[in-house]
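A structural walkthrough
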Amino acid sequence: MFSAVSPEGSREFEVVFGPVVEQIVGLLEAEAGILWLWEETAPAFIPLVCRGRGGWANPWNPSHTEGIGQGELDPCQHTLLFDDIPPDAPLPMGEQKIRSFASVPLAIGGRGSGFLALYSRRRGHFAPRDLRFLQMMAQLMGLTIEQVNSVGDRKGWEQHVHSEKLAALGTLAAGVAHNINNVLAAIVARTDLLLRQAQEADLKRWLNSIQQSALDGASTVRRLQDFARTETPESMIPVDVNRVVTEVLQFTQARWKDEAELRGIKIEVVTELTDIPLITANPAELREVFTNVVFNALDAMANGGCLTVKTRSHRGREKGPSVEVVFGDSGIGMTEEVRQKIFDPFFTTKGVKGTGLGLSTSYGIVARHGGAISVESEIGRGSRFSITLPIPAKLPRSREHLRVPADRRTGRILVIDDEPHLREVITNLLRLEGHIAVGAGCGIEGVHMFRAEPFDVVITDLGMADLTGLEVARKVRRLDPEIKVILCTGWNVAVSRADQEASGVDRLLEKPFRLDKLLHQVHELLRDVPQLDSRGQA
């Protein structure tokens, strides 16, 4: 082995990797996380970065003839996962009473020079999917160290600190987003099933509200993935701004009505919504903008007041026709100094309760829509937010309402997903539509089931512990070249079109998805599938 970093460099690496390791520990609910690098002069593994309970670990030299650190248990060469470790095991964690241990190698310059390790006092704490996430982070850390070692001057190092810290946090964001998407997918799918059975109007309204909130959460997650450079922007669709305003006031009613009444104050909401043309927009992003502005107005009216929302259209000679949405409040207002900074990232007047990201995010969303947002305010006289959005010359066709083909066929469908709740709801839906649907809890099980009996369509998750969805697609394609495959993913466009074609994937479905969209894809594929009795099955 060789020394991966100098003692001076180790202090700088704490700046870069400290926050990242801390977030990993929190995300995986671990006892501690340590980035270990080999130091030839010691010779020992040095705990370069340590986060979690227990404080700093001591340098570790795997001098034991048996146990961790030797042969197939060398953490610099192999990924390790232990569910139940005896208390006296030779672990690099000082005196901590660790029962679960997960580590992934850290390669620098093509050589194993360290490892990233997570620790827990609980048995069976870590899962194989955690290892995939850690491998992704360790790969990025290794590349960062390689680049930093090649930088000789201080200015160059600081540039690397900035860019690589953002890249590391972006990768972390992508992993978090994937897990959240799996949760949201189950919520969206189950509310879809309930909506198919619900009869009462009020129940349907609240189910639609729950589902819309989950879909909006998914849109926020996609922007988190965009920060990690794993997704391209969504195309716009025709949107009724008045409808979006009405939905936002319904979603925020708990704040301006229920919560206000509990506090003994009254907030009146007045709307003046005129007949305006449709615009081209992302409805979830518009809801986020309007919600941020409404919450900002409510915070300014701590003792009650009036919130007025108006919409109108303008012909616009220079910039073209537009729709304007105005939110006015009778709150405390703001100084000119605050008004000029109100859209700056991380600027907040709410102390620890605010993040300073709501209005800056809104500014970016409006700008992406080709619009503008401005604010007028005076101390003691409230504030007035104005949002203008362009009216397009031609509206694109909406993709939100997908109809099942009238000449639909039923078929035999294999659903492979290691998330039991989502697998169950998909199979139940397909059975309600007249299909024969069978579920498998992992990739290997799914391939075995495919060998045992014929299927028309395979729906498989991308990220599973044993086989990825792409590997499943390749294997079932070899068994039946005419099989149709739908790949579901919470990573969004992490799968390139070339990879899809090479693996034999016919459709890509991003989580969370509406069940109507899944049914539409299934029925489209079934129209092109020959009858099973006319196909050979290997």
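Residues numbered from 1 in each chain as written. Predicted model: local features only at pLDDT ≥ 70, side-chain atom pairs only at ≥ 80, totals over all residues. Heavy atoms only, no water.

1. A few points about the overall build of the protein chain
We apply this condition: Only DSSP runs of H or I reaching four residues or more are called helices, and only runs of E reaching two or more are called strands; each is numbered from the N terminus. A 1.4 Å probe rolled over the protein chains alone gives each residue an accessible area, and that area as a share of the maximum for its type sets the label: buried under 20%, exposed over 50%, partly exposed in between. The contact criterion used is simple: two residues touch if any of their non-hydrogen atoms lie within 4.5 Å. Per-residue accessibility takes into account occlusion by the displayed protein chains alone, with areas from the Shrake-Rupley method and a 1.4 Å probe.
Helix and strand counts for the protein chain come out as 14 helices and 17 strands. In the protein chain, buried positions account for 49% of the 538 residues. Long-range contacts, defined as pairs at least 24 residues apart, comprise 68% of the intrachain contacts of the protein chain with a sequence gap of at least 6. Of the roughly 26600 Å² of accessible surface on the protein chain, 51% is carried by carbon and sulfur atoms.

2. Describing the nonpolar core
This is how it is decided: Remark: nonpolar core denotes a set of buried residues (Ala, Val, Leu, Ile, Met, Phe, Trp, Tyr, Cys) joined through side-chain atoms within 4.5 Å.
Counting 40 residues, the largest nonpolar core has V241, I279, F290, V325, F327 and I387 as the members making the most contacts within it. At seven residues, the largest contribution of residues to this core is made by helix α7 (residues 283–300). Residue contacts for F327: discarding those within four places in its chain leaves F290, V293, V294, T308, V309, S383, R384, F385 and I387. Ranked by size, the runner-up nonpolar core spans 26 residues in total, among them L35, V104, L106 and L116.

3. A look at the pattern of salt bridges
Applied cut-off: We count a salt bridge whenever a side-chain nitrogen from Lys or Arg sits within 4 Å of a carboxyl oxygen from Asp or Glu.
Counted according to the given criterion, the structure contains 17 salt bridges. Among the salt bridges present, the one from R99 reaches D84, with a minimum N-O distance of 2.8 Å. Of the two residues, R99 is situated in the loop between β3 (80–82) and β4 (100–108) and D84 in the loop between β3 and β4; the sequence distance between them amounts to 15 residues. One salt bridge in this structure joins E524 and R507, with 3.3 Å as the shortest N-O distance. Of the two residues, E524 is situated in helix α14 (residues 515–527) and R507 in strand β17 (residues 507–510); the sequence distance between them amounts to 17 residues. A relative accessible area of 22% places E524 in the partly exposed class. On the accessibility criterion, R507 (27% relative accessible area) is partly exposed.

4. Details of the pairing of β4
Rules: For two strands to be treated as a pair, DSSP must find at least two bridges joining them.
Buried residues dominate β4, accounting for seven of its nine residues. Bridge count between β3 and β4: three bridges; the pairing is antiparallel. Note on β4: the bridge partner recorded for L81 is A102.

5. Topic: the packing of helix α11 (residues 443–452) against helix α12 (residues 469–479)
Counted only if it meets this: For helices, the axis comes from a line fit to the C-alpha atoms of the stretch in contact; other axes are also lines fit to C-alpha atoms, and the angle between any two N-to-C directions lies between 0 and 180 degrees. In what follows, roughly perpendicular refers to angles from 65 to 115 degrees, roughly parallel to angles under 35, roughly antiparallel to angles over 145, and oblique to any angle outside these ranges. Amino acids are sorted into nonpolar (Ala, Val, Leu, Ile, Met, Phe, Trp, Tyr, Cys and Pro), charged (Asp, Glu, Lys and Arg) and polar (every other residue, Gly among them).
Remark: α11 packs on α12, axes separated minimally by 10 Å, with the N-to-C direction vectors making an angle of 10 degrees. Compared by their axis directions, α11 and α12 come out roughly parallel. Each of G443, V447, F450 and R451 in α11 lies in contact with α12, whose residues at this interface are V472, K475, V476 and L479. In the contact of α11 with α12, the residues fall into five nonpolar, one polar and two charged.

6. What to know about the packing of aromatic side chains
Both the distance between ring centres and the angle between the ring planes are used here to describe each pair of aromatic rings. The following threshold applies: Aromatic rings from Phe, Tyr and Trp, with only the six-membered ring used for Trp, were paired whenever their centres fell within 6.5 Å, and each pair was classed as stacked if the ring planes differed by under 30 degrees, edge-to-face if by over 60, and tilted otherwise. Distance and angle both matter: a charge sits over a ring if NZ of Lys or CZ of Arg is within 6 Å of the ring centre and within 35 degrees of the ring normal.
Considering all chains together, one arrives at seven aromatic pairs under this definition. Plain terms: the ring middles of F450 and F455 are 6.3 Å apart, the flat faces sit at 20 degrees to each other, and that makes the pair stacked. Per residue, the accessibility class of F450 equals that of F455, and both read buried. Lying over the aromatic face of F455, R412 brings its terminal NZ or CZ to 5.2 Å of the ring centre.

7. Considering unusual backbone geometry
Unlike most non-glycine residues, E29 shows phi in positive territory, near 55 degrees. In this structure, E29 sits in the loop between α1 (7–27) and β1 (32–39).

8. Focus on the packing of helix α10 (residues 420–432) against α14
Short version of the rule: Take the far helix as the reference: if the near one is turned anticlockwise from it by less than a right angle, the crossing is left-handed, and if turned clockwise, right-handed.
Between α10 and α14, the shortest axis-to-axis distance is 11 Å and the interhelical angle comes to 60 degrees. The angle between α10 and α14 places the two elements in the oblique class. Both α10 and α14 take part in a crossing whose hand is right-handed. Between α10, through I426, L429 and L430, and α14, the contact on the second element is made entirely by L515, L518, L519 and V522. Along the lines of polarity and charge, the residues of the contact of α10 with α14 split into seven nonpolar, no polar and no charged.

9. Looking at the sheet that holds β1
Taken together, the five strands give an open sheet; going across it, the order is β2-β1-β5-β4-β3, and neighbouring strands pair in antiparallel fashion. Since the sheet does not close on itself, it has two edges, and those belong to β2 (44–52) and β3, each with one partner. Each adjacent strand pair in this sheet contributes to an overall mean axis angle of 20 degrees, direction not counted. Taken together, the six bridges between β1 and strand β5 (residues 111–120) define a ladder with antiparallel strand orientation. Each residue of the ladder has a partner; that of W36, found in β5, is F115.

10. Brief notes about the sheet that holds strand β14 (residues 436–440)
The sheet built from five strands is open, its strands ordered β14-β13-β15-β16-β17 with parallel pairing. In this open sheet, the two edge strands, each paired with only one partner strand, are β14 and β17. Strand-to-strand, the axes of this sheet are offset by a mean angle of 20 degrees, without reference to chain direction. Note: strand β15 (residues 457–461) against strand β16 (residues 484–489), five bridges, orientation parallel. Bridging from a neighbouring strand, V458 pairs with V485 of β16. In the packing of α10 onto the sheet, contacts are made with β13 (412–416), β14 and β15, and the angle to β14 comes to roughly 170 degrees. Across the sheet, α11 touches β13, β14 and β15, and the angle it forms with β14 is around 140 degrees.

11. A look at a positive patch on the surface
Selection criterion: Exposure above 30% relative accessible area and no salt bridge define the residues that can form patches, which grow by joining like charges within 9 Å and nonpolar side chains of Val, Leu, Ile, Met, Phe, Trp and Tyr within 5 Å. Counted as positive: Lys and Arg. Counted as negative: Asp and Glu. His and the chain ends are not counted at all. All charge positions are set by atom: Lys at NZ, Arg at CZ, Asp at CG, Glu at CD.
Side chains of R451, R474, K475 and R478 sit close together on the surface and give a patch of like positive charge. Broken down by element, the positive patch gets its largest block of residues, three residues, from α12. Mapped onto the elements of the fold, R478 is located in helix α12. Take R478: its relative accessible area is 61%, and that puts it in the exposed class.

12. Regarding the confidence of the model for the protein chain
Applicable threshold: The predictor rates its confidence in each residue with pLDDT, a number between 0 and 100.
Taken as a whole, the protein chain shows an average pLDDT of 76; of its residues, 72% reach a score of 70 or greater. Within the model, the stretch residues 1–9 combines pLDDT values under 50 with 25 contacts to residues more than four positions away or in other chains. Across residues 152–160 the pLDDT falls below 50, and counting only partners more than four positions away or on other chains, this stretch makes 11 contacts in the model.

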